[in-house]
Amino acid sequence: LSVVDEAGRPVDATIVLPGITVDRPTATLDRNVMVGELGCVVSAPGFATVRQTIRVVVNETSTVSVTLRPASVVLQSGRLDTFVPIQFSPGKDLVRPASFAPLNEVVGFLLDHPEITLIEVVVHTDNKGGDADNLDLSERQATSVRQYLLDKGIAPARVVSRGAGEALGLTTPRVDLVVNPTKER
């Protein structure tokens, strides 16, 4: 099992298989490893966690290489920041496919950090349209993002959603992912 970055350089990573944890960029698993389809989790600071299934066959040698890419979700100032913005179809609550990858990284981040007990999805619309319509749209969009996270395995008790409408006067819509929000909101 080897772990490299996108340039092919070895990465000091943690590799977790059922019953085994290895902390180095390459590992030979010569112990008695379970046979069959195994869930493998590979993580390293600054990189997106990779979850993949590997197949282990009795008396067969397999080479598995995992390529890690830089994380596009970071926790800072009480928020999860995505380097790729979450987008919706114009005037609708449908999450655009270009937003699936960053949302999947949010899912991975939340799975890796169970200490984050609550995430609040807050959607701000742009300043086009009426106040009431924008508030309604932002509530529906926030609900769509919440549902996406739930559909990918995040527990319902960990995600709440709120539409903020056009209160910030933005020219471009924005999704905030607030970590462990205070009850005052």
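All figures in this text were calculated on a predicted structure; none of them were measured in a lab.

A. Highlighting the environment of threonine 53. With respect to the helices, strands and loops of the structure, threonine 53 is situated in strand 5 (residues 50-56). Each C-alpha atom of the pair threonine 53 and proline 70 lies 21 Å from the other, and the pair is 17 residues apart in sequence. Every residue in contact with threonine 53, bar those within four places of it in the chain, is listed here: Glu37 and Leu38.

B. Here's a closer look at the sheet that holds strand 4 (residues 36-43). Strand order in this open sheet of four strands is 3-2-4-5, and the pairing throughout is antiparallel. Because the sheet does not close on itself, it has two edges, and the strands there are strand 3 (20-23) and strand 5. Ignoring strand direction, the axes of neighbouring strands in this sheet form an average angle of 25°. Strand direction decides the pairing type here: strand 2 (residues 14-17) and strand 4, joined by three bridges, are antiparallel.

C. Local environment of the packing of aromatic side chains. A full pass over the atoms with the stated rule returns one aromatic pair. Here the aromatic rings of phenylalanine 100 and tyrosine 148 are separated by 5.5 Å at their centres, their planes lie at 20°, and the arrangement is stacked. A residue pair is termed long-range when its members are at least 10 positions apart, and phenylalanine 100 in helix 1 (residues 100-112) and tyrosine 148 in helix 2 (residues 131-151) qualify at 48 residues. For phenylalanine 100, a relative accessible area of 33% gives the class partly exposed. Tyrosine 148 sits in the buried class, given a relative accessible area of 12%.

D. Geometry of the pattern of salt bridges. Under the definition given, this model contains ten salt bridges. In this structure, the salt-bridge partner of glutamate 37 is arginine 55, at a minimum N-O distance of 3.5 Å. In this pair, glutamate 37 sits in strand 4 while arginine 55 sits in strand 5, placing the two residues 18 residues apart along the sequence. Owing to a relative accessible area of 57%, arginine 55 belongs among the exposed residues under this scheme. The salt bridge partner of aspartate 176 is arginine 79, with a shortest N-O separation of 3.7 Å. With aspartate 176 in strand 11 (residues 174-179) and arginine 79 in strand 8 (residues 79-82), the pair connects residues that are 97 residues apart, well separated along the chain. A relative accessible area of 30% places arginine 79 in the partly exposed class.

E. Structural view of the sheet that holds strand 11. Taking strand neighbours across the sheet as the criterion, the five strands line up as 7-8-11-9-10 in an open arrangement whose pairing is mixed. The open sheet is flanked by strand 7 (73-76) and strand 10 (159-170), the only strands paired with a single partner. Averaged over all pairs of adjacent strands, the angle between their axes in this sheet comes to 30°, without regard to strand direction. Where strand 8 and strand 11 come together, two bridges link them in antiparallel fashion.

F. Quick peek at the side chain of asparagine 134. Along the chain, asparagine 134 falls in helix 2. Looking at asparagine 134, the relative accessible area reads 5%, which means it is buried. Looking at asparagine 134, its side chain comes within polar contact range of the main-chain oxygen of aspartate 126, at 3.5 Å.

G. Up close: the nonpolar core. Of all hydrophobic cores here, the largest spans 24 residues; its most connected members are Leu80, Val121 and Leu149. Listing elements by their share of this core, those giving two or more residues are helix 1, strand 9 (119-126), helix 2 and strand 11. Not counting residues within four places of it along the chain, the set of residues in contact with valine 121 comprises Ala142, Val145, Arg146, Leu149, Val159, Val160, Ser161, Arg162, Val175, Asp176 and Leu177. Of all hydrophobic cores here, the second largest spans 17 residues; its members include Leu1, Val42, Ala44 and Val50.

Calculation criteria
- Residues numbered from 1 in each chain as written.
- Predicted model: local features only at pLDDT ≥ 70, side-chain atom pairs only at ≥ 80, totals over all residues.
- Heavy atoms only, no water.
- Helix = DSSP H or I, 4+ residues; strand = E, 2+ residues; numbered from the N terminus.
- Contact = heavy atoms within 4.5 Å.
- Pairing = 2+ DSSP bridges.
- Axes fitted to C-alpha atoms, helices over the stretch in contact; angles between N-to-C directions.
- Phe/Tyr/Trp six-rings, centres within 6.5 Å; stacked < 30°, edge-to-face > 60°.
- Buried < 20%, exposed > 50% of the residue type's maximum accessible area, 1.4 Å probe, protein only.
- Salt bridge = Lys/Arg side-chain N within 4 Å of Asp/Glu carboxyl O.
- Polar contact = N/O pair within 3.5 Å; in protein donor to acceptor, adjacent residues only side chain to side chain.
- Core = buried A, V, L, I, M, F, W, Y, C linked by side-chain atoms within 4.5 Å.

Distances and angles like these do not, on their own, reveal function.
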